[in-house]
Amino acid sequence: MAAATMKGPVAVEDVVVTFEDQQKINKFARNTSRMAELKNEIESKKKTLQNLQDASDELMMLDDDSLLVPYQIGGVFIGHSQEETQEMLEAAKEALEQEVKGLEERVSEIQQVLGDLKVQLYAKFGNNINLEADES
């Protein structure tokens, strides 16, 4: 029989942790970790999106329309006209924006699950459990 107790000046209260409670705690931890990973991925994609926007802005400032603009596809740079490159940048930005939107929806879904789990776990364990993320 496992017992969770809180140490300190607060009165110690023994709480029995059932298998179902442990499953909820584990689910909370997995979802918290996954949400952090998704937020990092969103941040990375937003930086890439900003880079694409900067490249698009720079491309608009070119004076000579006859120049071939190198565009990276995989590990190779291929020369395209300014108009083709602009279209490719716009397509890449739209695709990336859709990916970011999908990731943000998944984060929102995970936040709902975490909220429900917090309510259930705090209802049972009260101050004997800490489900808040450390900001360190």
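Up top you'll find the structure we're talking about.
Residues numbered from 1 in each chain as written. Predicted model: local features only at pLDDT ≥ 70, side-chain atom pairs only at ≥ 80, totals over all residues. Heavy atoms only, no water.

**Focus on the overall build of the protein**
Stated precisely, the cut-off is as follows: Helix and strand assignments follow DSSP, with helices taken as H or I runs no shorter than four residues and strands as E runs no shorter than two, numbered in order from the N terminus. For each residue, the accessible area found with a 1.4 Å probe, counting protein chains only, is set against the maximum for its type, and the residue is called buried under 20%, exposed over 50%, and partly exposed in between. We call two residues contacting when some pair of their heavy atoms lies within 4.5 Å.
Across its full length, the protein holds 2 helices and 4 strands. Its helices and strands taken in sequence order, the protein reads β-β-α-β-β-α from the N to the C terminus. With 136 residues in all, the protein has 24% of them scored as buried. The long-range share in the protein, meaning contacts at least 24 apart out of those at least 6 apart in sequence, stands at 57%.

**Section: the side chain of Gln86**
Tracing the sequence through the fold places Gln86 in helix H2 (residues 82–125). Residue classification places Gln86 among the buried positions, given a relative accessible area of 17%. The contacts of Gln86, once residues within four sequence positions are left out, are Ser56, Leu59 and Met60.

**A short note on the environment of Leu68**
With respect to the element layout, Leu68 can be found in the loop between helix H1 (19–60) and strand E3 (69–73). A relative accessible area of 60% places Leu68 in the exposed class. Along the backbone, Leu68 and Glu83 are 15 residues apart, and their C-alpha atoms lie at a distance of 9.8 Å. Ignoring sequence-local partners within four residues, the contact set of Leu68 consists of Gly79, His80 and Ser81.

Everything listed is a geometric property; what it means functionally is a separate question.
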